[in-house]
Amino acid sequence: MALFSSFTPVFIAIICVLIGVILKKTNGEKEKSDIKSKLTSRPWVDEDLKDGTDHPLEEEDVDEEWQGLEENVAHVPFTAERYSEAEMVKRSQTFYELLNKRRSVRFLSDEPVPREVINNVIRTAGTSPSGAHTEPWTFVVVQDPYLKHKIREIVEEEEEINYKKRMGDRWVNDLKRLRTNWIKEYLDTAPYLILIFKQVYGRLPNGKKKTHYYNEISVSIACGILLAALQNAGLYTVTSTPLNCGPQLRVLLQRPANEKLLLLLPVGYPKKDATVPALTRKPLEDIMVVM
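Criteria and cut-off values
Residues numbered from 1 in each chain as written. Predicted model: local features only at pLDDT ≥ 70, side-chain atom pairs only at ≥ 80, totals over all residues. Heavy atoms only, no water. Helix = DSSP H or I, 4+ residues; strand = E, 2+ residues; numbered from the N terminus. Buried < 20%, exposed > 50% of the residue type's maximum accessible area, 1.4 Å probe, protein only. Contact = heavy atoms within 4.5 Å. Areas by Shrake-Rupley, 256 points an atom, 1.4 Å probe, with all protein chains shown as cover. Patch = residues over 30% accessible without salt bridge, like charges linked within 9 Å, V, L, I, M, F, W, Y side chains within 5 Å. Salt bridge = Lys/Arg side-chain N within 4 Å of Asp/Glu carboxyl O. Phe/Tyr/Trp six-rings, centres within 6.5 Å; stacked < 30°, edge-to-face > 60°. Lys NZ or Arg CZ within 6 Å of the ring centre and 35° of its normal. Axes fitted to C-alpha atoms, helices over the stretch in contact; angles between N-to-C directions. Parallel < 35°, antiparallel > 145°, perpendicular 65-115°, else oblique. Nonpolar A, V, L, I, M, F, W, Y, C, P; charged D, E, K, R; others polar. pLDDT = per-residue confidence, 0-100. Pairing = 2+ DSSP bridges. Left-handed = near helix turned anticlockwise from the far one by under 90°. Polar contact = N/O pair within 3.5 Å; in protein donor to acceptor, adjacent residues only side chain to side chain.

### With respect to the overall build of the protein
Consideration 1: Scanning the protein for helices and strands turns up nine helices and five strands.
Consideration 2: The N-to-C order of helical and strand elements in the protein reads α-α-α-β-α-α-α-β-β-β-α-α-β-α.
Consideration 3: The 291 residues of the protein split such that 31% are buried.
Consideration 4: Taking as baseline every contact in the protein between residues at least 6 positions apart, the subset at least 24 positions apart corresponds to 83%.
Consideration 5: Within the structure as shown, the protein displays about 20200 Å² of accessible surface, and the carbon and sulfur contribution to it stands at 56%.

What follows is the structure, encoded as structure tokens:
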């Protein structure tokens, strides 16, 4: 009993040291977690909208051979139009002047737009280059009034939360001068809504996943071509990125899980009394560097 009593202080000291080590380690891990959380927390980032690199293929899905339908794609002679230097300057200037008139228009008319025009501008967007020619895009055209209104309800509900909670004061204040808010009347009035989905992966005929390389940049390029095609056809839109609406809209439009909503474009003619902010664009010397 006396021996046990003499060792008691030692045991207590050892226990205290162990408890201290455990607490220090726990606190250290918590601090690291908090720091990591602060570094990676970006409330304006749509968690549903992640690049294909965030969706690695499972080991059993990886096909070591090329994933296309043909082992080797045949090459054919390429013919291109060649313009004189004067014609090149003229065409480039004319095209610039056309696209320089492009504006984001939030006041769209419900006047009907020929469906063939929509078909053609989407065909044009489909000419975009893509990683390994995977063409990882889906353009969903919505003209049904009920669906358009459901889309508006989903978007406005999430956008109100975005403006009040997610986006932060700085972003909201930057938008005040443009007089934008979470009310999206154009989602009802525009004759067409075009929702552009990126396919983070595809499917081979045998059911295995197919890698879609650079899917986000490929679809983004297609969106740029689509905007140019709309402007060329005399139609207007506003680029809408409905933050945190992707999953609900994907379910509403019955799109598969491999598709993520990248952009929503209401498309139509401007209202007769439409207005736009009096903005200017940066001059050439501010956006181009010649080495």
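### A word on a nonpolar patch on the surface
Consideration 1: Among the surface-exposed residues, Tyr213, Tyr214, Ile217 and Ile221 lie close enough to one another that they form a single nonpolar patch of about 440 Å² accessible area.
Consideration 2: You can see Tyr213 is positioned in the loop between β4 (209-211) and α7 (215-232).

### Considering the pattern of salt bridges
Consideration 1: Summed over the entire model, instances satisfying the criterion amount to six salt bridges.
Consideration 2: Across the pair Lys150 and Glu153 runs a salt bridge whose closest N-O atoms are separated by 3.4 Å. With Lys150 and Glu153 both in helix α4 (residues 145-166) and three residues apart, the pair spans about one turn of that helix.
Consideration 3: The shortest N-O distance in the salt bridge between Glu259 and Arg255 comes to 2.8 Å.
Consideration 4: The structure contains a network of salt bridges with shared partners spanning Arg152, Glu156 and Asp188.

### So, the packing of aromatic side chains
Consideration 1: Summed over all chains, the structure comprises zero aromatic pairs.
Consideration 2: Positioned over the ring face of Tyr201 is Lys209, at 4.5 Å from the centre of the ring.

### Focus on the packing of helix α2 (residues 85-100) against α7
Consideration 1: At a closest axis distance of 9 Å, the pairing of α2 and α7 adopts a crossing angle of 90 degrees. Classified by the angle between their axes, α2 and α7 sit roughly perpendicular to one another. On α7, the residues touching Phe95, Leu98 and Leu99 of α2 are Ala228, Gln231 and Asn232.
Consideration 2: Its residues placed into classes, the contact of α2 with α7 shows four nonpolar, two polar and no charged.

### Considerations on the confidence of the model for the protein
Consideration 1: Per-residue confidence for the protein averages 82 on the pLDDT scale, and 69% of its residues sit at or above 70.
Consideration 2: Across residues 35-41, confidence stays below pLDDT 50; counting only partners more than four residues off in sequence or on other chains, it has zero contacts.

### Some words on unusual backbone geometry
Consideration 1: Residues other than glycine seldom take positive phi values, yet Glu135 does so here, at roughly 45 degrees.
Consideration 2: When you line up the elements, Glu135 lands in the loop between α3 (115-125) and β1 (137-142).
Consideration 3: By relative accessible area, Glu135 is classed as partly exposed at 33%.
Consideration 4: Positive phi is not limited to glycine here, since Asn244 has a value of about 65 degrees.
Consideration 5: With respect to the helices and strands, the residue Asn244 is situated in the loop between α7 and α8 (246-252).
Consideration 6: The class of Asn244 is partly exposed, set by a relative accessible area of 22%.

### Details of the pairing of strand β5 (residues 259-267)
Consideration 1: Summarising burial for β5: nine of the nine residues are buried, a large majority.
Consideration 2: With eight bridges connecting them, strand β2 (residues 192-199) and β5 associate as antiparallel partners. If you follow Leu195 over to β5, its bridge partner there is Leu264.

### Description of the packing of α3 against α7
Consideration 1: Axis separation between α3 and α7 bottoms out at 8 Å; the angle between their running directions is 145 degrees. As α3 runs across α7, the sense of the crossing is right-handed. Facing Val121, Ile122, Thr124 and Ala125 of α3, the residues of α7 in contact are Ala222, Ile225, Leu226, Ala229 and Leu230.
Consideration 2: Tallied by class, residues from the contact of α3 with α7 come to eight nonpolar, one polar and no charged.

### Overview of the environment of Tyr83
Consideration 1: Considering the arrangement of structural elements, one finds Tyr83 in the loop between α1 (2-40) and α2.
Consideration 2: What Tyr83 contacts, discounting residues up to four positions off in sequence, is Met88 and Arg91.
Consideration 3: Side-chain polar atoms of Tyr83 contact the side chain of Glu81, separated by 3.3 Å.
Consideration 4: Engagement of the side chain of Tyr83 in a polar contact is seen with the side chain of Arg91, the distance being 3.2 Å.

### Comments concerning the pairing of β1
Consideration 1: Where burial is concerned, most of β1 is hidden: five out of the six residues are buried.
Consideration 2: Across six bridges, β1 lies against β2 in antiparallel orientation. Its bridge partner being in β2, Phe139 is matched across the sheet by Ile196.

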